[in-house]
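Given next are the chains, with one letter for each unit.
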Amino acid sequence: MSVDLRTRYLGLDLANPIVPSASPLTAGLDHMKKLEDAGASALVIASLFEEQIEHEELEVFRMLETASDSTSEASSFFPELKDYRIGPDAYLAHIQQAKKSLSIPVIGSINGASEGGWVRYAKLIEEAGADAIELNVYLVAADPDITAEQVEARYLKLVRVVKESVNIPLAVKIGPYFSSLAHMARQLVEAGADGLVLFNRFMQPDIDLETLSVDPSLQLSSSQELTLPLRWIAILHGTVEASLAGTTGVHTAEDALKLILAGADVTMMASALLHNGPDRLTEVLKGVDLWLDEHDYESIEQAKGSMSQRNVADPVSFERANYMKALTSYSTPRQWGSDK
Ligand SMILES: Cc1cc2nc3c(=O)[nH]c(=O)nc-3n(C[C@H](O)[C@H](O)[C@H](O)COP(=O)(O)O)c2cc1C
């Protein structure tokens, strides 16, 4: 490869900007090894969830408290977690093993929303050897009595608590649903985030018309979803003093390149790897290298942020400006005929 693909993310020197994000692919060593061999420069381990930690604590409490009865409400509450996810101790052991078997940096991930004792696991993840930690605040703010300010205060408190408990770099993965995202981003950085991961992809529940049940619908992303993180990385590049990771919709080299030009330090992949296997990562990496070479870039650093909001000729194009232009330039499909 002729282009210098190195990048710096969360203070870590990475060989290139392609990082598998948390998914089932980073829950087991075999898959992680394949991702490293395919060229991943680091990886984010599948999250340890607040519910898993609390479930385990609840179980211990229940065992101590009563001669437990297997039909109790507590044990039926988390059936799927038992099947799919490993518990906190196994999670920490998984990080230790990953550190032993892989030579790329390993980022641990905790996922939750409440101000519970679960955040102390950040420290344990550090002790297990993780190079950095990603805090995924996954909060659906559905309570009409809770204000936006209170929700934001909760995020900031979580970030502060985690930051205070660890010495390794901290990335915060958030969703896009804030009234003033740029302000929130700045506050998160002031609270201690060394990096922002944009964006969490919320699973939207669906209604099954046959069973009349509400089901979580897990669908993989497509490249069409890239434009949301693209816009915000372009806006935030150079305005917050933190690393930026783009996640959601990175399926091709073109997708990764767009995020890098917008200002991402790394681009993360989950759906495309789940769907296409580890070779997709190698293809993306080769494609990024080739495009940069053909367009006379010497390095990722040179390309990074060159199309951010600050650096484009028409900065308002990342805000409202193009909205009316896009709507008015849409031509009504022919089957409607002319409207006089
Ligand atoms: C099956 C599956 C499991 C995931 N598990 C986690 C997780 O444990 N923690 C987390 O922060 N994100 C998790 N994610 C979200 C991904 O890391 C990623 O941010 C999201 O899928 C958007 O990226 P993509 O478009 O490349 O899929 C998961 C995604 C999928 C599809």
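The preceding data block contains the structure.
All of these numbers come straight from a predicted model, not from anything done at the bench.

About the cut-offs
- Residues numbered from 1 in each chain as written.
- Predicted model: local features only at pLDDT ≥ 70, side-chain atom pairs only at ≥ 80, totals over all residues.
- Heavy atoms only, no water.
- Patch = residues over 30% accessible without salt bridge, like charges linked within 9 Å, V, L, I, M, F, W, Y side chains within 5 Å.
- Areas by Shrake-Rupley, 256 points an atom, 1.4 Å probe, with all protein chains shown as cover.
- Salt bridge = Lys/Arg side-chain N within 4 Å of Asp/Glu carboxyl O.
- Helix = DSSP H or I, 4+ residues; strand = E, 2+ residues; numbered from the N terminus.
- Buried < 20%, exposed > 50% of the residue type's maximum accessible area, 1.4 Å probe, protein only.
- Contact = heavy atoms within 4.5 Å.
- Pairing = 2+ DSSP bridges.
- Right-handed = clockwise from strand over helix to strand, strands pointing away.
- Near = heavy atom within 4 Å.
- Polar contact = N/O pair within 3.5 Å; in protein donor to acceptor, adjacent residues only side chain to side chain.
- Nonpolar A, V, L, I, M, F, W, Y, C, P; charged D, E, K, R; others polar.
- Lys, Arg positive; Asp, Glu negative; His and termini not counted.
- Charge placed at Lys NZ, Arg CZ, Asp CG, Glu CD.

Enquirer: So what exactly am I meant to see when it comes to a nonpolar patch on the surface here?
Expert: Residues Met 203, Leu 218, Leu 220 and Leu 274 make up a contiguous nonpolar surface patch of roughly 360 Å² in combined accessible area. Considering the arrangement of structural elements, one finds Leu 274 in helix α11 (residues 271-276).

Enquirer: Looking at this structure, I do not really get helix α9 (residues 227-236). What am I missing?
Expert: Within an α-helix, residues lying three or four positions from one another point in the same direction, as the helix has 3.6 residues per turn. The element α9 is extensively covered by neighbouring structure, given that seven of its ten residues are classed as buried. If you follow the buried residues of α9, they end up packed against α8 (181-191), β9 (195-198), β12 (243-246) and α10 (253-262). One or two positions beyond α9, positive phi appears at Gly 238, with a value near 85°.

Enquirer: Looking at this structure, how should I read the pairing of strand β8 (residues 170-174)?
Expert: Residues in a regular strand point their side chains to alternate faces of the sheet. Within β8, five of the five residues are buried, leaving the element largely enclosed by the surrounding structure. Side-chain alternation along β8 places Leu 170, Val 172 and Ile 174 on one buried face and Ala 171 and Lys 173 on a second face that is also buried. In this sheet, β8 lies alongside strand β7 (residues 132-137) in parallel orientation, the contact comprising four bridges. Bridged to Asn 136 within β8 is Lys 173. Each parallel crossover has a hand, and the one from β7 via helix α7 (residues 148-165) to β8 is right-handed. As a crossover connection, the stretch from β8 through α8 into β9 is right-handed.

Enquirer: Looking at this structure, I do not really get the site of the ligand. What am I missing?
Expert: Around the ligand sit 22 residues in total, of which Ala 22, Ser 47, Asn 136, Ser 221 and Ser 271 are the nearest. At 2.6 Å, a side-chain N or O of Ser 47 approaches a nitrogen atom of the ligand. With respect to the ligand, the backbone of Gly 249 contributes an N or O atom lying 2.8 Å from an oxygen atom. In isolation the ligand exposes 600 Å². Once the protein is present, 93% of that is buried. A per-class count over the shell around the ligand returns nine nonpolar, ten polar and three charged.

Enquirer: Help me understand a negative patch on the surface, please; the structure alone is not making it clear to me.
Expert: A surface patch of like charges, here negative, comprises Asp 293, Glu 294, Asp 296 and Glu 298. Its location among the elements puts Glu 298 in the loop between α12 (279-294) and α13 (300-303). Looking at Glu 298, the relative accessible area reads 63%, which means it is exposed.

Enquirer: Honestly, the pattern of salt bridges in this entry has me stumped. Any pointers?
Expert: A side chain of one charge can pair with a side chain of the opposite charge when the charged atoms of the two come close. Overall, the coordinates contain twelve salt bridges when judged by the stated rule. The salt bridge involving Asp 131 is made with Lys 99; its shortest N-O contact spans 2.8 Å. Taken as a pair, Asp 131 in the loop between α6 (121-127) and β7 and Lys 99 in helix α5 (residues 88-101) lie far apart in primary sequence, 32 residues in all. The exposure class of Lys 99 is partly exposed, given its relative accessible area of 29%.

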